[in-house]
Amino acid sequence: MKKIICLLLTLYCFQFTHAQNNNAPSSFDIHDIKITGYLQAQYQRTQSPGAYTWSGGDFDESSESRFMIRRGRLKIDRVDKYSNIVFQIDGTQDGVRLMDAFIQFGMPSLPALKLTAGLFNRPFGYSIVYSSGYRDFPERARVFQTLMPRERDLGAMISYKPEGKFKFLTTELAVVNGSGLNAKDYDNKKDIIGNLYFKFDSIGQKPLHIGFGSSFYEGSVVSVESTVFHSQKGGYQKIDKASNKQDNFSRRYLGFNFQLELETGFGETTFKTEYIYGQQPGLAASVDINGPKASTSLGELPTGSLYLRPFEGYFIWLTQALGNSKFTAIAGLDMYDPNTDLNEKEIGLAQNYSTAGDVKFTTFGYGLTYNVNPRVKFTIYNEHVRNDATQLTTHLTDLKDDVFTARLQYRW
């Protein structure tokens with residue numbers, strides 16, 4: 001009986017681990033159609049009507065509070081001896097959209113190796129592929145929402161995750177369009193993503209779990225204009241030449257991540273962090289493009305001149321289970337600087353071509369989760385978003401864009 005219980009617990013942990021990874025079926029055991037999902041209903045309030053926010057999207061111009069369905073996921077998967085298929089949709093008040101649609105192939109003789117083709121999460125770092133249905137924090141960090149909006153892309157991926165003495169290793173290599181979720185490719189170039197990850201459980205027979213890894217993204221964005229703005233210290237250099245038109249400019253990221261989980265008599269403690277830097281081709285902020293969105297990765301041909309920005313960003317997440325209770329305290333810090341060549345006092349100066357798309361934002365959040373039962377979770381979270389003053393009339397002081405979120409989630 002003891003061996004049976006241990007086997008069942010092992011299978012549950014195996015399935016639970018894969019459920020947290022969006023690039024996998026609900027479990028790898030052979031099964032016919034299986035339906036899982038989760039629903040997140042929430043109330044939010046911000047400091048001023050029409051606030052720009054990465055916490056569920058911008059507020060309407062006359063609204064500073066709202067009820068909304070943040071995510072309504074329905075996932076269907078099937079697994080047989082040689083392959084599995086995953087199909088997931090997201091239904092909210094804004095409509096229904098496709099989230100995942102991919103096929104995975106593998107050989108029973110070599111279960112560590114898998115080929116994935118279709119629409120799937122970009123295999124970059126830790127937080128991108130980690131399911132929002134299991135994450136303690138309401139949203140991913142601003143930097144990842146900016147660089148990889150809605151996390152998915154179309155392409156093919158090879159992954160290798162061995163068992164046995166090398167079970168701590170995961171490697172992935174993907175070729176994708178680069179245009180993101182639900183978008184056909186708009187140029188002749190493809191983007192490459194690589195991920196190397198290590199995870200060690202129960203180190204030294206103690207309840208200590210450590211994970212760490214590194215990822216790269218190598219891609220490009222095509223210019224439809226002859227004018228391209230290259231960032232340099234103190235501003236941009238405007239380069240206007242015919243060869244810029246239809247040329248591709250580098251989109252390059254390098255990231256590092258680290259996770260630590262420790263179980264003690266006080267409850268489980270987790271520490272997670274991720275840092276990323278590189279070059280991001282974006283646009284200038286304008287009447288049609290608000291500042292925080294100006295450096296978002298493009299899902300279609302750009303409608304103006306490219307701005308090539310060196311960026312960096314990170315997040316730090318800390319959670320502490322409160323003893324044996326159902327409560328967990330959470331605190332997070334994230335930063336995204338879209339242009340490390342500029343400090344805020346230089347943004348908006350005449351003739352340096354800077355815009356609100358170059359403003360740095362730092363967010364500190366704190367809150368509490370309550371796990372009613374294994375399916376139902378209640379979260380409250382408050383975010384203080386800060387930006388320094390610039391020379392821009394729209395950013396002379398810190399914007400009033402703090403957000404409070406109260407969320408109820410049901411997962412099945």
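Residues numbered from 1 in each chain as written. Predicted model: local features only at pLDDT ≥ 70, side-chain atom pairs only at ≥ 80, totals over all residues. Heavy atoms only, no water.

### Section: the overall build of the chain
Step number 1: Each helix and strand counted, the chain has two helices and 18 strands in total.
Step number 2: Computed over the C-alpha atoms, the radius of gyration of the chain is 22 Å, within 12% of the 22 Å expected from 2.2 N^0.38 for a compact globule of 412 residues.
Step number 3: Its C-alpha atoms give the chain principal-axis dimensions of roughly 75 × 45 × 45 Å.
Step number 4: In the chain, which comprises 412 residues, the share counted as buried stands at 49%. (Helix = DSSP H or I, 4+ residues; strand = E, 2+ residues; numbered from the N terminus. Rg over C-alpha atoms; globule rule 2.2 N^0.38 Å. Buried < 20%, exposed > 50% of the residue type's maximum accessible area, 1.4 Å probe, protein only.)

### Let's talk about the confidence of the model for the chain
Step number 1: When pLDDT is averaged along the chain, the result is 93; 95% of the residues meet or exceed 70.
Step number 2: Between residues 1-17, whose pLDDT stays under 50, and residues either more than four places distant or in other chains, the model counts six contacts. (pLDDT = per-residue confidence, 0-100. Contact = heavy atoms within 4.5 Å.)

### Some thoughts on unusual backbone geometry
Step number 1: Notably, Q351 is not glycine yet its phi reads approximately 70°, a positive angle.
Step number 2: Tracing the backbone through its elements, the reader meets Q351 in the loop between β15 (327-337) and β16 (361-371).
Step number 3: In this model, Y353 sits at a positive phi of 65°, which is unusual for a non-glycine residue.
Step number 4: In this fold, Y353 is placed in the loop between β15 and β16.

### Points about the pattern of salt bridges
Step number 1: Counted by the stated rule, this structure contains 20 salt bridges.
Step number 2: The partner of D32 in a salt bridge is R78, and the shortest N-O contact between them spans 3.1 Å. One end of the pair, D32, is in strand β1 (residues 31-46); the other, R78, is in strand β2 (residues 65-79), with 46 residues separating them in the sequence.
Step number 3: Taking the relative accessible area as the measure of exposure, D32 reaches 52% and is therefore exposed. (Salt bridge = Lys/Arg side-chain N within 4 Å of Asp/Glu carboxyl O.)

### With respect to the packing of aromatic side chains
Describing an aromatic ring pair means giving the distance of the ring centres and the angle of the ring planes.
Step number 1: Inspection of the entire model under this criterion finds 23 aromatic pairs.
Step number 2: Centre to centre, the rings of F229 and Y307 are 4.5 Å apart; their planes meet at 20°, and the pair counts as stacked. Within this pair, whereas F229 is found in strand β10 (residues 227-232), its partner Y307 is found in strand β14 (residues 306-321), the two being separated by 78 residues in sequence. When sorted by exposure, F229 lands in the same class as Y307, which is buried.
Step number 3: Each member of the aromatic cluster is reached from another via a ring pair, and the members are F124, Y217, Y253, F311 and Y336.
Step number 4: Against the face of F361 rests R142, its NZ or CZ located 4.3 Å from the ring centre.
Step number 5: Taking NZ or CZ as reference, K293 lies 4.7 Å from the ring centre of W54, over its face. (Phe/Tyr/Trp six-rings, centres within 6.5 Å; stacked < 30°, edge-to-face > 60°. Lys NZ or Arg CZ within 6 Å of the ring centre and 35° of its normal.)

### Description of the pairing of strand β8 (residues 191-200)
Step number 1: In this sheet, β8 lies alongside strand β7 (residues 169-176) in antiparallel orientation, the contact comprising eight bridges. When the bridges of β8 are listed, L169 appears paired with F198. (Pairing = 2+ DSSP bridges.)

### Observations concerning the nonpolar core
Step number 1: Core analysis: the largest hydrophobic core is formed by 25 residues, its most contacted members being F124, F144, L147, Y253 and I276.
Step number 2: Among the elements of the structure, α2 (142-147), β7, β14 and β15 are those that each provide at least two residues to this core.
Step number 3: Discounting chain neighbours no more than four positions away, the residues touching F144 are F124, S127, I128, P149, E274, I276 and F315. (Core = buried A, V, L, I, M, F, W, Y, C linked by side-chain atoms within 4.5 Å.)

### Notes on the side chain of D402
Step number 1: Among the secondary structure elements, D402 is positioned in the loop between β17 (376-386) and β18 (403-411).
Step number 2: No salt bridge is formed by the buried D402; its nearest oppositely charged neighbour, K400, is found at 7.5 Å.
Step number 3: A polar atom in the side chain of D402 sits 3.0 Å from the side chain of H384.
Step number 4: When residues no more than four places from it in sequence are discounted, the contact partners of D402 are R45, T46, Q47, E383, H384 and V385. (Lys, Arg positive; Asp, Glu negative; His and termini not counted. Polar contact = N/O pair within 3.5 Å; in protein donor to acceptor, adjacent residues only side chain to side chain.)

### Examining a nonpolar patch on the surface
Step number 1: Together, Y82, I85, I103, F105, M107, L110, L113, L115, I158 and Y160 make up an exposed nonpolar region whose accessible area comes to about 900 Å².
Step number 2: Among the secondary structure elements, those contributing two or more residues to the nonpolar patch are β4 (95-107), β5 (110-121) and β6 (152-160).
Step number 3: Tracing the backbone through its elements, the reader meets I158 in strand β6. (Patch = residues over 30% accessible without salt bridge, like charges linked within 9 Å, V, L, I, M, F, W, Y side chains within 5 Å. Areas by Shrake-Rupley, 256 points an atom, 1.4 Å probe, with all protein chains shown as cover.)

### Concerning the environment of V224
Step number 1: Secondary-structure assignment places V224 in the loop between β9 (208-222) and β10.
Step number 2: Among the residues examined, V224 registers a relative accessible area of 18% and is labelled buried.
Step number 3: Between the C-alpha atom of V224 and that of N244, which follows or precedes it by 20 residues, the distance is 8.0 Å.
Step number 4: Excluding anything up to four places from it in sequence, V224 contacts K245, Q246, L301, P302 and G304.

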